[in-house]
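Secondary and tertiary structure notes
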Amino acid sequence: MRKLPGILTTASSVLVLSGSLTLLPVTTSTAGPAAGSVIEQGKAIAFDRKKGNCLACHAIEGGKLAGNIGPPLVAMKARFPDKAKLRAQIWDATKANPNTIMPPFGRHKILSESEIDKVVEFIYSL
Amino acid sequence: MKRLLTIAATLGLLTVSPVAVQASPQQDLKAFRAYFTKRFPDVPLQDFANGVYAVDKASREQWESIEEFPPYELNIEKGKKLFNTPFKNGKTYASCFPNGGIGIKQNYPYFDTASGQVKTLELEINECRKKNGEKPLKWKKGAIADISAYMAYTSRGKKTNVVIPDDPAAMAAYESGKQHFYAKRGQLNMSCADCHQYNAGNRVRADILSPALGHTTHFPVYRSKWGGLGTIHRRYGGCNKQVRFKPFKAQSEEYRNLEYFHTYMSNGLKLNGPGARK
């Protein structure tokens, strides 16, 4: 069950987001896996400025106006043969690199555990 | 007596050739500046005063044409008028500042040994009002930004000259500002340095991050996004919010100390405020 609208309203009223992290609307491509699939849900979360906002720093296929602070997310299966390691990187990037600018999505509860699972499925499909 | 003299001599020696026990502000400044001049070898030192436009050639031309008919021109006029309009008691702002308030912004913020705190230009504008029986102005925009913009304008071309006096309280204020700049904060866990030092020149989405060197030369700033002028503490609040951190109040001790460190890092850079930004 997707409860996005409710979550988004709460998020935007609780967190006053300003500036470049939230400037433009989310762009999702229509191509790719069927809408509603876990991968597709993960993609929506990853691209949403109020959720993962991964595009702020990473180029990802299908995303527009990506930043270049982090490496482009491509060939993820080759870079992360172990999916758990990929999840750990997203859950708390400071574990591997204490000085990283990448937000600790799980540790700081920026995303819920199930949202992270979905993002992992999406990123792993790249 | 003899012992006192020996102590004095030792202290004297220390000031002549500082010992690297703890990084001194001068050493910090040297390293900070070197970081940016190395990262952007093609940018002349004084050009860092132009913020993001020093490192983003693509948007620079557009910005230069904006600066030909600056959106803050009216604010300078308004500020000048306010600055010269006498208070009810007949005195003016000029009576509260050295040199009648003209061409002095390069010395701000400064550490006031008497009160043991960092004084910013805006803080003293409101102190001046109170001293003369007037109500203080709101801190982040409006009349205070106009007056500050006028005072900045009269200081254009002067080199940033923030002094850290030999006073443990001044050092503590400096250290607290430095700590704010480098500490990760907010739900997104980012420091000022993450964006404006280690990733200066990189893009967060479509926005290029400005180098922190030169950040303070052109405040207050006219921002298209604000549709008006804002003080540097308004900007601090905005950048704190971006990482989902609840901002401190404008002119809080925290932000005044941050401004102290932040501005000290740009010592030697020429003032060019007010500026215009996206």
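Residues numbered from 1 in each chain as written. Chains lettered and ligands numbered in written order. Predicted model: local features only at pLDDT ≥ 70, side-chain atom pairs only at ≥ 80, totals over all residues. Heavy atoms only, no water.

Glancing now at the overall build of chain A. Secondary structure assignment for chain A yields 5 helices and 0 strands. Counting from the amino terminus, helix and strand elements in chain A follow one another as α-α-α-α-α. Looking at the 126 residues of chain A, the share that counts as buried comes to 41%. For chain A, the computed accessible surface area is about 6,700 Å², with 63% contributed by carbon and sulfur atoms. (Helix = DSSP H or I, 4+ residues; strand = E, 2+ residues; numbered from the N terminus. Buried < 20%, exposed > 50% of the residue type's maximum accessible area, 1.4 Å probe, protein only. Areas by Shrake-Rupley, 256 points an atom, 1.4 Å probe, with all protein chains shown as cover.)

To continue, consider the interface of chain B and chain A. Each side of the interface is counted separately: chain B has 21 residues, and chain A has 31 residues. Of the roughly 2,300 Å² buried where chain B meets chain A, counting both sides, 51% is carbon and sulfur surface. Summed over the shared surface of chain B and chain A, the number is 0 salt bridges. At the boundary of chain B and chain A, one finds 9 residue pairs in polar contact (both at pLDDT 80 or more). In terms of residue count, helix 9 (residues 232-242) of chain B provides more of the side of chain B that touches chain A than any other element does, 3 residues in total. (Contact = heavy atoms within 4.5 Å. Buried area = accessible area lost by both parts, 1.4 Å probe. Salt bridge = Lys/Arg side-chain N within 4 Å of Asp/Glu carboxyl O. Polar contact = N/O pair within 3.5 Å; in protein donor to acceptor, adjacent residues only side chain to side chain.)

Moving on: the domain arrangement of chain B. Residue and element names in this part refer to chain B. Under the domain assignment used here, chain B contains domain 1 (2-12 + 21-70 + 164-277) and domain 2 (73-153). Computed over C-alpha atoms only, the centres of domain 1 and domain 2 are separated by 22 Å. Each side of the interface is counted separately: domain 1 has 24 residues, and domain 2 has 25 residues. Summed over the three residues of domain 1 that lose the most area to domain 2, namely Leu 229, Gln 251 and Arg 256, the buried surface amounts to 26% of that side. Connecting domain 1 to domain 2 are 0 salt bridges. Put simply, domain 1 and domain 2 have 6 residue pairs in polar contact (both at pLDDT 80 or more) between them. With 5 residues, the top contributor of residues to the side of domain 1 that touches domain 2 is helix 10 (residues 253-264). When its residues are assigned to classes, the side of domain 1 that touches domain 2 shows 13 nonpolar, 7 polar and 4 charged. (Domains from an automatic or database assignment. Nonpolar A, V, L, I, M, F, W, Y, C, P; charged D, E, K, R; others polar.)

With that settled, the discussion passes to the nonpolar core. Within the largest apolar cluster, 33 residues are counted, with the highest numbers of intra-cluster contacts made by A:Ile60, A:Leu86, A:Ile90, A:Phe105, A:Val119 and A:Ile123. At the level of elements, helix 2 (38-47), helix 4 (83-91) and helix 5 (113-124) of chain A are the ones that each hand at least two residues to this core. Element by element, the count of residues in this core is highest for helix 5 of chain A, at 6 residues. Those residues in contact with A:Leu86, other than ones at most four positions away along the chain, are A:Met76, A:Phe80, A:Val120, A:Ile123 and A:Tyr124. Core analysis: the second largest hydrophobic core is formed by 31 residues, B:Leu29, B:Val43, B:Ile164 and B:Ala212 among them. (Core = buried A, V, L, I, M, F, W, Y, C linked by side-chain atoms within 4.5 Å.)

All names here are of chain B. Within this structure, the stated rule accounts for 1 disulfide over all chains. Left unpaired, Cys 192 is separated from the closest cysteine sulfur, that of Cys 239, by 7.5 Å. Classification of Cys 239 by relative accessible area gives partly exposed; the value is 25%. (Disulfide = S-S within 2.5 Å.)

Before going further, it helps to spend a moment on the confidence of the model for chain A. Summary statistics for chain A give a mean pLDDT of 82 and a share of 72% for residues scoring 70 or more. Confidence drops under pLDDT 50 across residues 1-20 of chain A; counting only partners more than four residues distant or on other chains, this segment forms 26 contacts. (pLDDT = per-residue confidence, 0-100.)

A few words now on the packing of aromatic side chains. Residues and elements named next belong to chain B. Throughout the structure, instances matching the rule amount to 22 aromatic pairs over all chains. With a centroid separation of 5.1 Å and an interplanar angle of 65 degrees, the aromatic rings of Phe 32 and Phe 36 are classed as edge-to-face. Of the two residues, Phe 32 and Phe 36 both sit in helix 2 (residues 25-39), 4 residues apart, roughly one turn of that helix. Accessibility expressed as a relative area gives 4% for Phe 32, which makes it buried. Ring geometry for Phe 83 against Tyr 93: centres 5.9 Å apart, planes inclined by 15 degrees, an arrangement best described as stacked. Residue Phe 83 is found in helix 4 (residues 73-84), and its partner Tyr 93 is found in the loop between helix 4 and strand 1 (110-112); the two are separated by 10 residues along the sequence. Owing to a relative accessible area of 2%, Tyr 93 belongs among the buried residues under this scheme. Aromatic rings pair up to connect Phe 32, Tyr 35, Phe 36, Phe 40, Phe 48, Tyr 174, Phe 181, Tyr 182, Tyr 198, Phe 261 and Tyr 264 into one cluster. (Phe/Tyr/Trp six-rings, centres within 6.5 Å; stacked < 30°, edge-to-face > 60°.)

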